[in-house]
Amino acid sequence: MTERLRAIVERLNIAPDDHVLVIGCGHGVAATLVCERLAGGSGRLTAIDRSPKMIAAAARRNAAHVEAGRAEFLVARLEELDLGDRRFDVVLAVRVGLFHREPQRARALVEPWLKPTGRLHALFDPPAQTARRRR
Ligand SMILES: C[S@@+](CC[C@H](N)C(=O)[O-])C[C@H]1O[C@@H](n2cnc3c(N)ncnc32)[C@H](O)[C@@H]1O
């Protein structure tokens, strides 16, 4: 799974100054890979998961990135998300059921958090899918 997540994150072309939202971050493996791409820039990762256990594990795994101010891990459900004025260049959701069951609703829930040029990548296994925001 780590290798699959590595391949997914590589394809995102994340720039060091990007603001990235990971939805359903689980243990925080993809979050780590994203943070490695933000190192040295002004970019920042926000990672959410509805499970407090997963968020605790992901924050532990990425403690150095949290310490550096590069990452935050929040217990939150996409359906009730309140991220204030944060807006994102890239939103990533891997194997998050809502995007599979109700893709249109999930995309609508993400939309308010995207920058005007932001892009959503929602992927499942299988098949893999990528959705770009319409301009
Ligand atoms: C199958 S796991 C995938 C974890 C990770 N994305 C990966 O690919 O390794 C799905 C994760 O999404 C979280 N999740 C599911 N629905 C969610 C929602 N509506 N809002 C936030 N998190 C959600 C679950 O708690 C779980 O940790």
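Concerning the overall build of the chain
Argument step 1. Looking only at helices and strands, the chain has six helices and five strands in total.
Argument step 2. What you see for the chain is a C-alpha radius of gyration of 13 Å, in line with the 14 Å of a compact globule of 135 residues.
Argument step 3. With the C-alpha coordinates aligned to their principal axes, the bounding extent of the chain is approximately 35 × 30 × 30 Å.
Argument step 4. Within the chain, the fraction of its 135 residues that count as buried is 46%.

Thoughts on the pairing of strand 4 (residues 88-94)
Argument step 1. Within strand 4, seven of the seven residues are buried, which leaves it mostly tucked inside the rest of the structure.
Argument step 2. Relative to strand 5 (residues 114-123), strand 4 runs parallel, the two sharing six bridges. Across the sheet, the residue bridging to Val91 is Leu120, located in strand 5.

Notes on the site of the ligand
Argument step 1. Surveying the vicinity of the ligand reveals 14 residues, the closest of which are Gly24, Asp49, Leu78, Glu79 and Val94.
Argument step 2. Gly24 places a polar main-chain atom, nitrogen or oxygen, 2.8 Å from a nitrogen atom of the ligand.
Argument step 3. Between Arg50 and the ligand, the recorded distance is 3.2 Å, taken from a backbone N or O atom to a nitrogen atom.
Argument step 4. Here the ligand has 600 Å² of accessible area as a free molecule, and 81% of this is covered by the chains.
Argument step 5. Residues that form the shell around the ligand fall into these classes: six nonpolar, three polar and five charged.

Examining the pairing of strand 1 (residues 19-23)
Argument step 1. Among the five residues in strand 1, four count as buried, and that is most of the element.
Argument step 2. Across five bridges, strand 1 lies against strand 2 (residues 44-49) in parallel orientation. Bridged to Val22 within strand 2 is Ala47.
Argument step 3. Following the chain from strand 1 across helix 2 (residues 29-38) to the adjacent parallel strand 2, one finds a crossover that is right-handed.

Basis of the calculations
Residues numbered from 1 in each chain as written. Predicted model: local features only at pLDDT ≥ 70, side-chain atom pairs only at ≥ 80, totals over all residues. Heavy atoms only, no water. Helix = DSSP H or I, 4+ residues; strand = E, 2+ residues; numbered from the N terminus. Rg over C-alpha atoms; globule rule 2.2 N^0.38 Å. Buried < 20%, exposed > 50% of the residue type's maximum accessible area, 1.4 Å probe, protein only. Pairing = 2+ DSSP bridges. Near = heavy atom within 4 Å. Polar contact = N/O pair within 3.5 Å; in protein donor to acceptor, adjacent residues only side chain to side chain. Areas by Shrake-Rupley, 256 points an atom, 1.4 Å probe, with all protein chains shown as cover. Nonpolar A, V, L, I, M, F, W, Y, C, P; charged D, E, K, R; others polar. Right-handed = clockwise from strand over helix to strand, strands pointing away.

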